[in-house]
Structures are given as C-alpha cells and as structure tokens.
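What follows is the residue order along each chain.
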Amino acid sequence: MSFMSSAASSTIAEMREFASFAEDERAFIERSVDIAFGRGDAFKAWSRSASDNSAIRSQYIAYREIAALREAIPAADGLDGVSGFVGGLIRVSAQDLAQEQLHGFAAYRFLYERLLGAKARSFLPAAFCGAAALPQIRPERRKMLLQSLSETAATAPAWSRREPTFFPEGVAHEVA
C-alpha cells in the first residue's frame, strides 16, 4: 500500500469514527479543537447561552495547559515527568468530563489524540480513569464513564505512533 493510500485510509477511518459519536459529542470535540488551536473566534462561534459562555470560558482557561502538556509528554518506558504530566492531564480531562458532553472513553481518546498527539496515547486510559473517578463527576456518570473503557484499551501493550490526520471542523451555517 502506498503512503498516500495509507494516509487516505487512516483519514477515512478517523472520519468514520468521528461520525459514530453522538451529535453532542461531535459538537464538543469540534468546539474543543477550535478552542485548543485558536481556530477562528471559538467563543463567538460556540456561545449560544449564558451557560455556554461559562463552559467555554472554563475550557479556555483549562486549555491554556494544553501546549505545556504537549511539550511535557514523558517517555512511555520511564517514570520521569509522569506525575506532572498525568496530574495536569487529569485536571484538564476532569473539566471536560464534568461538562457531560463526552459519553465515554472513545470520544475522549479521539479528542485528546488531537489535542496532544500520538505520543500521549498510552497515558490516556490512566488520565481518563483518574478524571472520571473524581468526586466532581456525578456518581452515576462516573460509573458510566469508567465502564466505557474497554479491557483492550486499559491493557493495551502498545499504542499506534501514527499522528491523527482528521481534525474535525465545524461548518458555519449561514442564515438565508
């Protein structure tokens, strides 16, 4: 398989995975990627109510850490830097999970692979479990989130090093 067809296949697979998420998960992922990468005026594009304004403001504040986290991803074969990285990742992840727009590990992983890159994949199950288990997450929601992490994901011996290729972007709807 050529590099071009391999990359195209990967992108199509990522697009299919994204399409499999619930509508509110897709919107949250699009908004989060817009905020994290400063695409357009995310605040204006995504604010529809006072509660949206508060959630987006909180996300802007939390996502200030994303660039530093990207630079602090520790090696998967050692413990140096793990506590600082995982602690920060749990803090940001808890903020996202508390908004109740991500319904399980698959959507969380999809989002955080885009925010942090492939090098962070092996740390995502631990951060997800840590954030989902915090008392700030409602007990019934905590149970649902933790049950969404498959045994395969929790015990994966290795993760792909391939960087994500599909970054969802909201399409502006013009009023006629």
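How each quantity is defined
Residues numbered from 1 in each chain as written. Predicted model: local features only at pLDDT ≥ 70, side-chain atom pairs only at ≥ 80, totals over all residues. Heavy atoms only, no water. pLDDT = per-residue confidence, 0-100. Helix = DSSP H or I, 4+ residues; strand = E, 2+ residues; numbered from the N terminus. Core = buried A, V, L, I, M, F, W, Y, C linked by side-chain atoms within 4.5 Å. Buried < 20%, exposed > 50% of the residue type's maximum accessible area, 1.4 Å probe, protein only. Contact = heavy atoms within 4.5 Å. Axes fitted to C-alpha atoms, helices over the stretch in contact; angles between N-to-C directions. Parallel < 35°, antiparallel > 145°, perpendicular 65-115°, else oblique. Left-handed = near helix turned anticlockwise from the far one by under 90°. Nonpolar A, V, L, I, M, F, W, Y, C, P; charged D, E, K, R; others polar.

## Details of the confidence of the model for the protein
On average, residues of the protein carry a pLDDT of 88, and 89% of them reach 70 or more. Per-element mean pLDDT across the protein ranges from 71 in helix H3 (residues 42–46) up to 98 in helix H7 (residues 105–116).

## Quick look at the nonpolar core
Within the largest apolar cluster, 42 residues are counted, with the highest numbers of intra-cluster contacts made by Tyr108, Tyr112 and Leu116. Looking at this core, the elements that each hand over two or more residues are helix H2 (23–36), H3, helix H4 (50–63), helix H5 (66–71), helix H6 (82–98), H7 and helix H8 (124–132). For this core, the leading source of residues is H7, giving 8 residues. When neighbours within four sequence positions are excluded, tyrosine 112 is seen to be in contact with Tyr63, Leu89, Val92, Ser93, Asp96, Gly117 and Leu124.

## Description of the packing of H6 against H7
Axis separation between H6 and H7 bottoms out at 12 Å; the angle between their running directions is 125 degrees. On the basis of their axis angle, the class for H6 and H7 is oblique. Every pair of crossing elements has a handedness; the one defined by H6 and H7 is right-handed. Contact residues: H6 offers Phe85, Leu89, Val92, Ser93, Asp96 and Leu97, while H7 offers Tyr108, Leu111, Tyr112 and Leu116. Of the residues in the contact of H6 with H7, the class split is 8 nonpolar, 1 polar and 1 charged.

## Overview of the environment of isoleucine 137
Relative to the helices and strands, isoleucine 137 resides in the loop between H8 and helix H9 (139–147). Judged by relative accessible area, which is 3%, isoleucine 137 ranks as buried.

## Focus: the side chain of aspartate 34
Positionally, aspartate 34 belongs in helix H2. Classification of aspartate 34 by relative accessible area gives buried; the value is 9%. Leaving out residues up to four positions away in the same chain, aspartate 34 has contacts with Arg39, Ala42 and Trp46.

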